[in-house]
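A look at the structure
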Amino acid sequence: MHDTHRAPRRSLTIVDSGTVSTTGSRAGGDETVVPRPSPKHRAPGLTGRTVRRATIPAPTPLASATERGSGTMVLVAGSVGTGKTTLLADWSGELEQRGGHVGWASLDREDNDPQVMAKTLLGAVRAAGAGAGPTDETVPSMVGHAFVTWLVELTRTAPQDTWLVLDDLHLVRDPRCLDLVEMLVRWAPSHLHVVVGTRSEPGLHLARLRLEERLVEVREHDLRFSLDDTRELLSRHDLTLEDEQVRHLQELTEGWAAGVALAAVSLARGRDADAFLREFARSDRAMSGYLVEEVLSSLDESTRDFLLSTSVLDDLTADLGAAVTGRDDAGALLDALSADNAMVTVDRVGTPTYRYHVLLRSYLGAMLEAGSVGGAREVHARAAQWYAAHDVPGQALRHAEAAGDLDLMSDVIHQHALHLLLDGRASDVEAAVRTVHAGDPVMTAVAALASLDLADPEAARSQLTSLVTQPGSWFTQAPSGDGAPAVDPAMLPLERLLAVGLRWLSFVGEEPARHPGPDDRMQESGSSGAEQLAEGLAAALSSTFTTWSGEQRARGRGLVPHSHTDLTLLDELTSGDVLLGDGRFAEARTAYRSALATARAAGHPLPALQAMVGLAAAAASLEDLVDMAAWSERALAESEGTPWATSPRLLPAHVFAGWAAFNVLDDATARDRNRTALELLGVVESMMTEGTASLTRDRAVSDGEVEASTGALSTAARGLEQLGRLARMLEANLDLLEAAEQPGIRQDVVDRVMAGARTAGHVTMTPRLAVGELARAHRIVLLAGFPRLAHEIEQLSKEAPGAAAEVVTMAAVRHLRAGDDTAARTAVAPLLAPAPDTGSGTQALRVSVTVHLVAAVVAHRNTQPTVAHEELVAALTLAAPQRALRMVLEVAPEVSDLLAAGAGRFGELEPFARELREHVRATSDVPAEPLLDVALSSRELSLLRELPSLLTVAEIAEARAVSRNTVKTQLRSLFQKLGVGSRRDAVAAARRLGLL
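So, here is what we can say about the structure in this document. (Residues numbered from 1 in each chain as written. Predicted model: local features only at pLDDT ≥ 70, side-chain atom pairs only at ≥ 80, totals over all residues. Heavy atoms only, no water.)

Section: the overall build of the protein chain
Along the protein chain, the regular secondary structure elements total 48 helices and 10 strands. In the protein chain, which comprises 996 residues, the share counted as buried stands at 50%. For the protein chain, long-range pairs separated by at least 24 residues make up 70% of all intrachain contacts whose partners lie at least 6 apart in sequence. Summing over all exposed atoms, the protein chain offers an accessible surface of approximately 44800 Å²; the carbon and sulfur share of this is 51%. (Helix = DSSP H or I, 4+ residues; strand = E, 2+ residues; numbered from the N terminus. Buried < 20%, exposed > 50% of the residue type's maximum accessible area, 1.4 Å probe, protein only. Contact = heavy atoms within 4.5 Å. Areas by Shrake-Rupley, 256 points an atom, 1.4 Å probe, with all protein chains shown as cover.)

In structure tokens, the structure reads:
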């Protein structure tokens with residue numbers, strides 16, 4: 001407190017170290033002093049529109065600092081407009097509410113004088129309520145150690161924690177002044193804490209404070225507005241935007257508090273939100289004024305020119321900045337800008353990479369274009385040349401297009417088009433080719449590949465056809481002296497490009513590629529050069545399928561230009577796809593392994609993911625459950641943090657990962673993976689054009705209609721349909737497990753499964769996959785308690801080639817569950833001796849494991865423990881390497897009894913047997929008894945729901961727009977299935993079964 005001064009009939013103002021004290025008369029002639037901080041020592045006021053940052057609460061003293069007998073330092077560092085001052089002001093009010101003392105100081109450039117800085121610090125201490133100190137005349141003589149020592153002692157009289165808030169410390173550059181703050185922080189006792197707000201790194205020993213655990217840091221990323229913060233600020237301006245508009249604003253401002261606030265002010269004037277967001281930062285007067293006043297005005301002209309020229313770049317290094325601007329000091333300049341937090345950030349992992357805030361870059365870009373279109377194009381051209389020279393084709397192509405340099409765009413496409421395709425940039429390639437295309441054969445071939453990647457096979461077919469047959473094209477020109485078409489050796493090999501394109505087209509097009517036979521070959525005298533070349537390319541397509549071996553992997557591993565490596569990679573991926581679709585799973589696996597090795601060596605992450613997805617698909621087709629799980633999960637793990645994490649390209653990985661988890665009884669993971677797969681299926685379905693495979697969940701068409709509609713489907717479309725069916729089959733499995741006591745849901749599951757089973761033979765990629773799907777459907781309906789439907793699936797399976805062993809196994813399991821041991825044993829006897837060898841990897845595991853388990857259960861029921869144990873061991877020997885837990889446990893309930901009886905007698909299989917015993921409960925049969933002998937049809941279920949009403953048969957018929965005889969026929973069928981003879985009994989039975 002200041003001393004009290006007496007002055008009759010008037011007030012006296014005493015200025016001391018930035019504190020204003022007002023004295024005045026009061027009753028009895030005494031006078032009092034009411035200290036009032038000067039503006040420099042008052043925290044800014046907050047308005048009703050201030051957003052309280054709940055995620056950044058006011059600090060508390062660190063226990064680690066208190067134990068040392070020292071105070072805590074809080075550093076709030078962020079660029080201009082991030083809300084530092086508002087946050088500190090909000091903290092100040094909260095700290096005072098807790099009972100603490102707060103002294104505020106708004107620093108400025110005048111504080112670069114040690115004497116002025118000393119007065120500022122003393123004023124902050126006095127504003128916090130500390131005891132009286134020396135007068136203005138005595139302060140300068142105490143600057144330095146003595147002054148800071150005295151200042152610290154002055155705070156010891158405070159009964160509570162004292163917080164000194166020093167805002168805008170970045171304006172203080174004088175080392176002597178910073179030393180005062182450094183000493184104050186270092187010597188602060190446990191009740192004195194210093195809070196610093198700054199745009200740049202303060203000249204303080206932060207490393208020592210971190211080591212002593214005395215430092216709390218709030219950095220740029222902490223200060224960014226969250227989506228909720230943005231929404232709250234808009235609401236405080238009485239603005240209600242759509243969620244998508246709020247997200248757009250959040251992305252546009254990157255959570256920059258000033259940007260969000262300025263946008264809210266402009267929108268509050270009634271501007272259209274969508275139109276405003278499109279032009280925000282480029283034309284908004286408030287935003288441009290703020291950027292000029294707060295960021296650009298403090299920079300010299302040469303620095304502003306540098307920012308202007310480099311604003312066309314998303315990210316830049318010192319080398320790139322120098323190439324674009326011609327300044328050798330680009331690195332030093334960028335370092336200085338990032339150090340000052342002038343809306344420039346740096347990532348120092350590896351080569352330092354700098355980035356301008358999106359709003360600053362957008363504003364500068366608009367200024368650059370407004371100043372000189374030619375100048376902007378020149379900057380883009382320099383950037384494109386630098387990116388092209390450093391093998392960054394995506395950026396090179398973008399800047400070349402912005403520069404309008406068609407020659408440079410052409411060069412980038414010739415050298416890097418395949419690289420861009422492999423990195424998922426097909427749309428960029430297609431647009432660039434359309435811009436510069438002028439009859440160039442390489443451009444045409446690349447355009448076809450881009451069309452294929454964009455799922456436009458018709459455009460690709462047209463482009464490939466024009467390349468081979470159109471008069472005046474490269475292939476119809478006169479050959480060179482050796483009889484081959486003249487080829488520029490610097491260009492991509494066109495014949496190989498075409499072979500890849502044709503192979504790819506055979507996978508995604510409606511008509512499979514035709515493998516020419518001897519009778520198809522044209523005579524030289526009767527065919528043109530273009531026709532002969534097309535024939536040769538088709539032959540190359542066929543020969544690619546012959547065999548993938550280690551020699552294929554070695555191909556292209558030498559020191560070849562990256563474009564040829566990229567072509568090899570594309571060749572391997574498309575070959576794997578076609579081989580997989582052709583049912584040649586082992587060869588497809590080899591092709592995908594080769595593609596993965598090439599992708600890794602060439603640094604292509606997306607093709608590596610695609611190769612892993614292909615390997616998972618090949619493993620699934622071969623019933624290699626371990627590899628299926630490993631490759632699918634590996635693909636998903638490596639996609640995390642990439643743009644492809646939620647891409648439809650990874651749909652197979654989600655499907656197979658879901659099945660892999662289901663196979664090992666991890667139903668929660670299976671549900672999670674499958675849920676994502678179904679979401680991606682919805683995305684793909686929305687992207688499908690008319691005439692492609694229908695992925696509609698509940699398709700009600702006859703077998704003939706399905707066959708007619710799917711006969712012209714491409715291999716890719718069939719594969720997509722197969723993935724959809726697999727995902728829905730897994731969903732049905734999981735729904736059945738979760739609804740064990742809900743008969744109505746079980747009925748629905750069976751209806752869905754049977755609808756798919758009746759069309760499986762027409763839409764799956766290969767007969768073997770069809771049989772696999774039917775086997776899974778058979779197991780579901782048996783578990784749900786519908787043996788007659790299981791028998792129907794067996795009849796459907798007989799139509800598939802090579803399904804004999806699988807059909808026998810299905811029948812054996814059905815007999816086993818019906819208690820007909822003799823029929824079950826008779827069915828599997830031919831498959832037990834000799835060991836089954838169907839020549840099919842997909843059938844061998846499932847069939848072999850099941851027949852041994854059927855034999856084991858039959859022996860167990862007939863008190864033949866030795867035989868039962870031997871057959872169980874045979875089954876486990878096959879299942880253990882693939883960790884096929886569910887395959888073993890769901891054959892029959894008695895399998896768990898056999899596992900328990902044989903405990904300790906399984907030898908090296910004991911760990912697998914133990915794991916099975918631990919999971920027995922997870923696969924207990926869903927119903928204790930069959931619900932109905934046959935499922936109700938959708939019409940019967942609909943009619944069943946009408947029965948509790950008081951409607952007569954005639955009224956029901958009228959409501960359903962059918963005749964009374966039709967309703968009576970449906971009722972008879974319904975009563976028969978429910979095992980009742982009257983409407984009343986039908987309602988009672990349906991309620992007992994959970995159908996009503």
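After that view, the rundown keeps rolling.
Points about the environment of Arg-382
Looking at where Arg-382 falls in the secondary structure, it is placed in helix α17 (residues 373-389). Classification of Arg-382 as partly exposed rests on a relative accessible area of 31%. In this structure the C-alpha to C-alpha distance between Arg-382 and Thr-325, which are 57 residues apart in sequence, comes to 8.8 Å. Contacts of Arg-382, omitting those with residues within four sequence positions, involve Ala-323, Val-324 and Thr-325.

Considerations on the packing of helix α13 (residues 301-310) against helix α15 (residues 330-339)
Contact geometry for α13 and α15: axes closest at 12 Å, N-to-C directions at 95°. Judged by the angle between their axes, α13 and α15 are roughly perpendicular. Listed contacts from α15 to Thr-303, Phe-306 and Leu-307 of α13 are Ala-330, Leu-333, Leu-334 and Leu-337. Among the residues forming the contact of α13 with α15, the class breakdown is six nonpolar, one polar and no charged. (Axes fitted to C-alpha atoms, helices over the stretch in contact; angles between N-to-C directions. Parallel < 35°, antiparallel > 145°, perpendicular 65-115°, else oblique. Nonpolar A, V, L, I, M, F, W, Y, C, P; charged D, E, K, R; others polar.)

Overview of the sheet that holds strand β6 (residues 162-167)
The five strands are arranged β5-β6-β7-β4-β8 in an open sheet whose pairing can be described as parallel. Lying at the two open borders of the sheet, with one neighbouring strand each, are β5 (101-106) and β8 (215-218). Each strand axis lies, on average, 15° off the axis of its neighbour in the sheet, ignoring direction. The sheet contact formed by strand β4 (residues 73-77) and β8 spans four bridges and is parallel. What sits directly across from Val-74, in β8, is Val-216. Along the sheet, helix α5 (residues 175-187) contacts β4, β6 and β7 (192-198); its crossing angle with β7, the most-contacted strand, is approximately 140°. (Pairing = 2+ DSSP bridges.)

Points about the packing of aromatic side chains
Enumeration over the complete set of coordinates arrives at three aromatic pairs. Here the aromatic rings of Phe-147 and Trp-150 are separated by 6.1 Å at their centres, their planes lie at 35°, and the arrangement is tilted. With a gap of three residues between them, Phe-147 and Trp-150 both fall in helix α4 (residues 145-155), about one helical turn apart. A relative accessible area of 0% means that Phe-147 is categorised as buried. (Phe/Tyr/Trp six-rings, centres within 6.5 Å; stacked < 30°, edge-to-face > 60°.)

Side note on the pairing of strand β10 (residues 353-356)
Of the two faces of β10, the one lined by Tyr-354 and Tyr-356 is fully buried and the one lined by Thr-353 and Arg-355 carries no buried residue. Both strand β9 (residues 344-347) and β10 contribute to a ladder of four bridges, which runs antiparallel. Paired with Asp-347 across the two strands is Thr-353, which belongs to β10. Where β9 folds back onto β10 in an antiparallel hairpin, the turn is made up of five residues, including Gly-350, whose phi is positive at roughly 75°.

Side note on helix α30 (residues 651-663)
Two residues of an α-helix separated by three or four positions point the same way, owing to the 3.6 residues in each turn. The first and last C-alpha atoms of α30 sit 19 Å apart over 13 residues, in line with the 18 Å expected at 1.5 Å per residue. Burial runs high along α30: 13 of the 13 residues are buried. Following α30 by one or two positions, Leu-665 adopts a phi angle in the positive range, close to 70°. (Expected span 1.5 Å × (residues − 1).)

Some thoughts on the packing of helix α8 (residues 227-236) against helix α9 (residues 243-253)
As a packed pair, α8 and α9 sit with axes 10 Å apart at the nearest point and diverge in direction by 110°. One element, α8, and the other, α9, form an angle in the roughly perpendicular class. The handedness of the crossing between α8 and α9 is right-handed. Taking contact as the criterion, the partners of Leu-227, Thr-230, Arg-231 and Leu-234 in α8 are, on α9, Asp-243, Val-246, Arg-247, Leu-249 and Gln-250. Looking at the contact of α8 with α9, its residues break down into four nonpolar, two polar and three charged. (Left-handed = near helix turned anticlockwise from the far one by under 90°.)

Quick look at the environment of Arg-817
Here Arg-817 shows up in helix α38 (residues 804-817). For the pair formed by Arg-817 and Val-891, sequence separation is 74 residues and the distance between their alpha carbons is 8.5 Å.

Points about the nonpolar core
Grouped together as the largest cluster of nonpolar side chains are 195 residues, with contacts concentrated most on Ile-413, Leu-449, Val-781, Val-854, Leu-876 and Leu-899. When near neighbours in sequence (up to four residues on either side) are disregarded, Leu-449 contacts Leu-418, Leu-421, Leu-497, Val-500, Gly-501, Trp-504 and Leu-570. Ranked by size, the runner-up nonpolar core spans 35 residues in total, among them Leu-107, Val-194, Leu-206 and Leu-209. (Core = buried A, V, L, I, M, F, W, Y, C linked by side-chain atoms within 4.5 Å.)

What about the side chain of His-41?
Within the element layout of this structure, His-41 appears in the loop between β3 (31-37) and α1 (63-67). Owing to a relative accessible area of 5%, His-41 belongs among the buried residues under this scheme.

Examining the pattern of salt bridges
A complete count under the given rule lists 47 salt bridges for this structure. The partner of Asp-90 in a salt bridge is Arg-52, with the nearest N and O atoms 3.2 Å apart. Here Asp-90 is found in helix α2 (residues 84-97), whereas its partner Arg-52 is found in the loop between β3 and α1, with 38 residues between them in sequence. Salt-bridge contacts for Arg-398 lead to Asp-314; the nearest nitrogen and oxygen are separated by 3.4 Å. Of this pair, Arg-398 sits in helix α18 (residues 393-403) while Asp-314 sits in the loop between α13 and α14 (318-325), placing them 84 residues apart in sequence. The exposure class of Arg-398 is partly exposed, given its relative accessible area of 35%. Classification of Asp-314 by relative accessible area gives partly exposed; the value is 25%. Among the ionic contacts, a cluster of salt bridges with common partners joins Arg-671, Glu-731, Asp-735, Glu-738, Asp-748 and Arg-752. (Salt bridge = Lys/Arg side-chain N within 4 Å of Asp/Glu carboxyl O.)

Comments concerning the environment of Leu-769
In this structure, Leu-769 sits in helix α36 (residues 767-784). Taking relative accessible area as the criterion, Leu-769 reaches 17% and is therefore assigned buried. As a C-alpha pair, Leu-769 and Gln-722 span 47 residues in sequence and 8.5 Å in three-dimensional space. If we ignore the near neighbours within four places in the chain, the residues touching Leu-769 are Ser-621 and Gln-722.

Re helix α20 (residues 426-436)
Of all the positions in α20, only Ala-426, Val-429, Ala-432, Val-433 and Val-436 are classed as buried. The arc enclosing the buried residues of α20, seen along the axis, measures out at 130°, which places them on a common side. The inward-facing, buried residues of α20 contact α18, α19 (406-422) and α21 (441-453). (Arc of directions from axis to C-beta.)

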